[in-house]
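A structural walkthrough
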Amino acid sequence: MKRREFLHYTGLGLGAGLLSQIPIIGKAVPLEAPWYTIDVAKKKELADVALNAARSKGATYTDVRIGRYLNQFIITREDKVENVVNTESYGIGIRVLANGSWGFASTDQMDKDSIARAAATAVAIAKENARLLTTPVQLAPQKGYGEVSWKTPIEKNAFDVPVKEKADLLLSVSDVAMKGGADYVGSFMFLVNEQKYFASSDGSYIDQDVHRIWPTFQITKIDKATGKFETRNALSSPAEWAMNT
């Protein structure tokens, strides 16, 4: 199976409408790279850097969102694997309230100095925005929830399932369709793992580990006599479940 570093769109047979729904973001990472999560204690440590830096610059409220998004795309066409790619996006967003106005900044440099600078930038933006306000922002009272976590209840992590098994599943769909009279079949599988962390100056530290899988396909049959064709798409949508393998 040949690995490419980016998605190749020409000739996928999935349709522009389908691809437009897929968030293809992040940098390509090796397929053999092991799946892992960022330690919750580390995320809290980085969040506290942002919260403390924002407060020291004059923020009256701050919330922090740390996100690490892992994606895997597997694309097949009839009896061939068209492409397989893994991507990763990792960064932090900081939102603050200062002088009654909102400010926001973000960075994908996940060291403490870069995060502190982003927090300071968010506060500076908020203070500049405040000069244009006629009515300061006032937040409703909100208690903190402390340290809590939630994970998608999966039996097996789909990223740990060998790529060949997932590709074979898509190719089996194509095989059934072709034997049933289809002329063209494009199959696609999109896996996502969202490792999301939210922290606020109200005292919330919320960790989430979300998994989704979206298998889908498009089938085309051509009437050789008239040249007319019919195309049907799968109706499946992204779901939070694991492959039973």
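A brief look at the structure comes next. Just so it is clear, the model here is predicted, and its values are computed rather than measured.

1. Details of helix 3 (residues 112–130)
With 19 residues, helix 3 should cover 27 Å at 1.5 Å per step; its first-to-last C-alpha distance of 27 Å lies within 8% of that length. For helix 3, the N-terminal capping position is held by D111, with its side-chain oxygen 3.3 Å away from the main-chain nitrogen of D113.

2. As for the packing of aromatic side chains
Counted under the stated rule, the structure contains 4 aromatic pairs. Plain terms: the ring middles of F73 and F190 are 5.1 Å apart, the flat faces sit at 15° to each other, and that makes the pair stacked. On the criterion of sequence distance, the pair formed by F73 in strand 2 (residues 61–77) and F190 in strand 6 (residues 184–200) is long-range, its members being 117 residues apart. What makes F73 buried here is its relative accessible area of 0%. The exposure class of F190 is buried, given its relative accessible area of 7%.

3. A short note on the packing of helix 2 (residues 40–56) against helix 3
Viewed as axis vectors pointing N to C, helix 2 and helix 3 meet at an angle of 40°, and their least axial separation amounts to 8 Å. Judged by the twist between their axes, the crossing of helix 2 over helix 3 is right-handed. Contacts from E45, L46, V49, A50, A53 and A54 of helix 2 reach helix 3 at K112, I115, A116, A119 and V123. Residues belonging to the contact of helix 2 with helix 3 are distributed by class as follows: 9 nonpolar, no polar and 2 charged.

Cut-offs and rules
Residues numbered from 1 in each chain as written. Predicted model: local features only at pLDDT ≥ 70, side-chain atom pairs only at ≥ 80, totals over all residues. Heavy atoms only, no water. Helix = DSSP H or I, 4+ residues; strand = E, 2+ residues; numbered from the N terminus. Expected span 1.5 Å × (residues − 1). Polar contact = N/O pair within 3.5 Å; in protein donor to acceptor, adjacent residues only side chain to side chain. Phe/Tyr/Trp six-rings, centres within 6.5 Å; stacked < 30°, edge-to-face > 60°. Buried < 20%, exposed > 50% of the residue type's maximum accessible area, 1.4 Å probe, protein only. Axes fitted to C-alpha atoms, helices over the stretch in contact; angles between N-to-C directions. Left-handed = near helix turned anticlockwise from the far one by under 90°. Contact = heavy atoms within 4.5 Å. Nonpolar A, V, L, I, M, F, W, Y, C, P; charged D, E, K, R; others polar.

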